[in-house]
Amino acid sequence: MTITRRSILASGLALPALGLGQAASPSRTRVDAQIRDSSFDPWVEVHRTNLQHNVAEISRRVGSRPILAVIKNNGYGLGVVNAGQLLEPIPGIAGLAVVKLHEAMSLRDAGIRKPVLLMGPFDERNLADLIARDIMPMVYTPIGPVLDRISAARQKPTPLHVCIDTGIGRVGVPFRQAAPLVRDLANRASVQIAGVMMTFTEDPEFDVEQLSRFNTLCGSLDQGGVKLGRKHAASSFALFQRPDAFLDMVRPGMAVFGVYSEPEFRRLGTLDLRPAVSLKARVAYVKQLPKGDSAGYNRAYVAKDAVWLATLPVGHTDGLPREAVQGARVRINGALYPIVATVSASHCIVEVGAEQRVKIGDEATIFDWQEGSRPEDVNEGCKTSVYDLTMHLNPLLPRRVVS
Ligand SMILES: Cc1ncc(COP(=O)(O)O)c(C=O)c1O
């Protein structure tokens, strides 16, 4: 069965911002002053050059159109500030988009200067705060009078993006009612429409209809002299499937982080993506299980013959899916070994085989950029979504930026 992201995609975690190359949230940083991580504990590696490579690949694919990089949900696991700081210097990156207000604020706190788009909700007080930090809101309700008040106090117009719902039914002004709202906003001195946007359902047939709705709406507004700014719609899915939706700017997330959002995209050759995030730990324990002995809760694994097992201090609270026992493999000393028994909160168990090929302290890679241990490989083994792997990495795990 093909697992599409949309069958599984969760809203993602509201995660604290991470300092580049630092441990994690501010509270964790304080703890770190006294308590160090065990060298066995899992950690996340962030690969700067892979990130740069992916942006170059996307730029090539989209004819050098600007890229609004989506770094929501803790920067797809890298840490939102890590992602922002690594992406900002790349010329093809026109701006950064997040969903949580605190992520947008964290980017500004970290000194990010490029445009930041907040695609999530806010109240009036939040709006004033975010505009004061030069964060662009994504709007789709009759918010003009509020913007008049805020902009009057600042004495300059507020740049924003208008979200049009062409059929996803999530957020956005429904396309049939969009023209009056866009005209109302465009007519206000308090507003500068920097962009109009839509999101595909990623249903290949319906996407055609959605794009047609969007283009028809934008076309009639354009003709009426309404300045719409940049039109954008293409997430990672559309980078592969819909060159006609590249429009004025593209808006990918997962592809920027080097992961193919759908299994079939990996085989297409359209984009050469290199994962920019790895999950690693060190082997905590190695032992030989006699034939008939068991491992894991509920005796989930019973040794058919004498077998060597390795225990890794990585569990589902770190971001390793419980489903990993269905076929995910871990790389240790260059070889891949299956995860067996059960994934518990802080541990998993790896079947090494008849020989003792690993020892305590060996580095174990849950996923990285190598064939066989890419996030997509783990995803295939787990029969879950790559979005569940990277976005569910525990924000408290240390992040290490490597080249
Ligand atoms: C509005 C919006 N645009 C773009 C993206 C990026 O999607 P992807 O990670 O599939 O490229 C997302 C993420 O789901 C999104 O919600």
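Everything that follows concerns the structure shown earlier in this document.
Computed from a predicted structure; not experimentally measured.

**Student:** Before we move on, can you summarise the overall build of the chain with the specific residues and values?
**Tutor:** Scanning the chain from N- to C-terminus turns up 13 helices and 20 strands. Over its C-alpha atoms the chain spans a radius of gyration of 23 Å, differing by no more than 12% from the 22 Å that the globule rule assigns to 403 residues. If you line up the chain on its principal axes, its C-alpha atoms span 80 × 50 × 35 Å. Residues counted as buried form 56% of the 403 residues belonging to the chain.

**Student:** Can you lay out the pairing of strand E18 (residues 348-353) for me, pointing to particular residues and giving the numbers?
**Tutor:** Among the six residues of E18, five are classified as buried, and the element is accordingly described as predominantly covered. Looking at chain direction, strand E15 (residues 307-312) and E18 are connected through five bridges and run antiparallel. The partner of Trp308 across the bridge, within E18, is Gly353. Two elements, strand E17 (residues 335-340) and E18, share two bridges in a ladder whose sense is antiparallel. Paired with Ile339 across the two strands is Val350, which belongs to E18.

**Student:** Tell me about the packing of aromatic side chains, and please be specific about residues and values.
**Tutor:** Following the criterion strictly, the structure yields five aromatic pairs and no others. For the ring pair Tyr76 and Phe257, a centre distance of 4.9 Å and an interplane angle of 25 degrees mean the geometry is stacked. Here Tyr76 is found in helix H4 (residues 72-76), whereas its partner Phe257 is found in the loop between strand E10 (249-250) and strand E11 (277-282), with 181 residues between them in sequence. Accessibility expressed as a relative area gives 1% for Phe257, which makes it buried. Centroid distance Phe240 to Phe265: 4.3 Å. Interplanar angle 15 degrees. Geometry classified as stacked.

**Student:** Describe in detail the side chain of Ser59, supporting the description with residues and values.
**Tutor:** Tracing the backbone shows Ser59 in helix H3 (residues 48-61). By relative accessible area, which is 16% here, Ser59 ends up buried. With residues up to four places along the chain from it excluded, the contact list for Ser59 reads Ser64, Ile67 and Gly92.

**Student:** An account of the sheet that holds E11 is needed here, citing residue identities and associated values.
**Tutor:** The strand order across the open sheet built from nine strands is E12-E15-E18-E17-E16-E19-E11-E1-E20, with neighbouring strands paired in mixed fashion. Pairing within the sheet leaves two strands with one partner each, and these edge strands are strand E12 (285-289) and strand E20 (399-402). Neighbour to neighbour, the strand axes of the sheet diverge by 35 degrees on average, direction disregarded. Where H3 meets the sheet, it contacts strand E1 (43-47) and E20, and its direction lies at approximately 45 degrees from that of E1.

**Student:** Now, about the nonpolar core: what can you tell me, with residues and values included?
**Tutor:** Membership of the largest hydrophobic core comes to 120 residues, with the highest contact counts inside it found for Ile71 and Leu87. Not counting chain neighbours up to four residues away, the residues in contact with Ile71 comprise Tyr76, Val80, Ala83, Gly84, Leu87, Leu96, Ala97, Val98, Glu103, Leu107 and Phe257. Tyr301, Val307, Ala341 and Ile349 belong to the second-largest nonpolar core, a separate cluster that totals nine residues.

**Student:** Any details on the environment of Ala300? Residues and values, ideally.
**Tutor:** Residue placement: Ala300 occurs in the loop between strand E13 (294-295) and strand E14 (301-302). For Ala300, a relative accessible area of 46% translates into the label partly exposed. Along the backbone, Ala300 and Val340 are 40 residues apart, and their C-alpha atoms lie at a distance of 8.1 Å. With sequence-adjacent residues up to four places away left out, Ala300 is seen in contact with Ala295, Ala341 and Thr342.

**Student:** Now, about the packing of helix H5 (residues 80-87) against helix H6 (residues 101-109): what can you tell me, with residues and values included?
**Tutor:** It is at 9 Å that the axes of H5 and H6 come closest, and there the two elements cross at 50 degrees. Put simply, H5 runs oblique to H6. The crossing of H5 and H6 is right-handed. Across the interface between the two elements, Val80, Val81 and Gly84 of H5 pack against Glu103, Ser106 and Leu107 of H6. Here the residues of the contact of H5 with H6 sort into three nonpolar, two polar and one charged.

**Student:** A description of the environment of Val62 should follow, citing residues and the corresponding values.
**Tutor:** Mapped onto the fold, Val62 is located in the loop between H3 and strand E2 (67-70). Spatially, the C-alpha atom of Val62 lies 33 Å from that of Lys156, the residues being 94 residues apart in sequence. Leave out the neighbours within four places in its chain, and Val62 touches Leu239, Phe246 and Val250.

**Student:** With reference to specific residues and values, describe the pattern of salt bridges.
**Tutor:** Enumeration according to the criterion identifies 17 salt bridges in this entry. Salt-bridge contacts for Lys231 lead to Asp222; the nearest nitrogen and oxygen are separated by 3.0 Å. Here the salt bridges do not stand alone but share partners, grouping Glu45, Lys280, Arg282 and Glu363 into one network.

Thresholds applied
Residue positions are counted from 1 within each chain, in the order its sequence is given. For this predicted model, a pLDDT threshold of at least 70 governs which residues receive local features, and a threshold of 80 or more governs which side-chain atom pairs are given and counted, while totals over whole chains, interfaces and linings are taken from all residues. As a convention, hydrogens and water are excluded, and side-chain values are obtained from all of the structure's heavy atoms. Helical segments are the DSSP runs of H or I of at least four residues, strand segments are the runs of E of at least two, and each set is numbered from the N terminus. We compute the radius of gyration over the C-alpha atoms and compare it with the globule rule, which gives 2.2 Å times the number of residues raised to the power 0.38. Only protein chains enter the accessibility calculation, which uses a 1.4 Å probe; a residue whose area is less than 20% of its type maximum is buried, one above 50% is exposed, and one in between is partly exposed. Only when DSSP finds a minimum of two bridges between them are two strands counted as paired. For this analysis, a ring pair means two rings from Phe, Tyr or Trp (six-membered ring only for Trp) whose centres lie within 6.5 Å, classed as stacked if their planes differ by under 30 degrees, edge-to-face if by over 60, and tilted for the remaining angles. In this analysis, two residues are considered to be in contact whenever any of their non-hydrogen atoms come within 4.5 Å of each other. For helices, the fitted line uses only the C-alpha atoms of the stretch in contact; every axis is such a line through C-alpha atoms, and the angle between N-to-C directions lies from 0 to 180 degrees. Each nonpolar core is a collection of buried residues, namely Ala, Val, Leu, Ile, Met, Phe, Trp, Tyr and Cys, held together in the definition by side-chain atoms within 4.5 Å. For classification, angles of less than 35 degrees are called roughly parallel, those exceeding 145 degrees roughly antiparallel, those between 65 and 115 degrees roughly perpendicular, and all remaining angles oblique. When the near helix sits turned anticlockwise from the far one by under a right angle, the crossing is termed left-handed; a clockwise turn instead gives a right-handed crossing. Under the scheme applied, nonpolar residues are Ala, Val, Leu, Ile, Met, Phe, Trp, Tyr, Cys and Pro; charged residues are Asp, Glu, Lys and Arg; polar residues are all the others, including Gly. By definition, a salt bridge exists where a carboxyl oxygen of Asp or Glu is found within 4 Å of a side-chain nitrogen of Lys or Arg.

What is shown is where atoms sit, not what they do.
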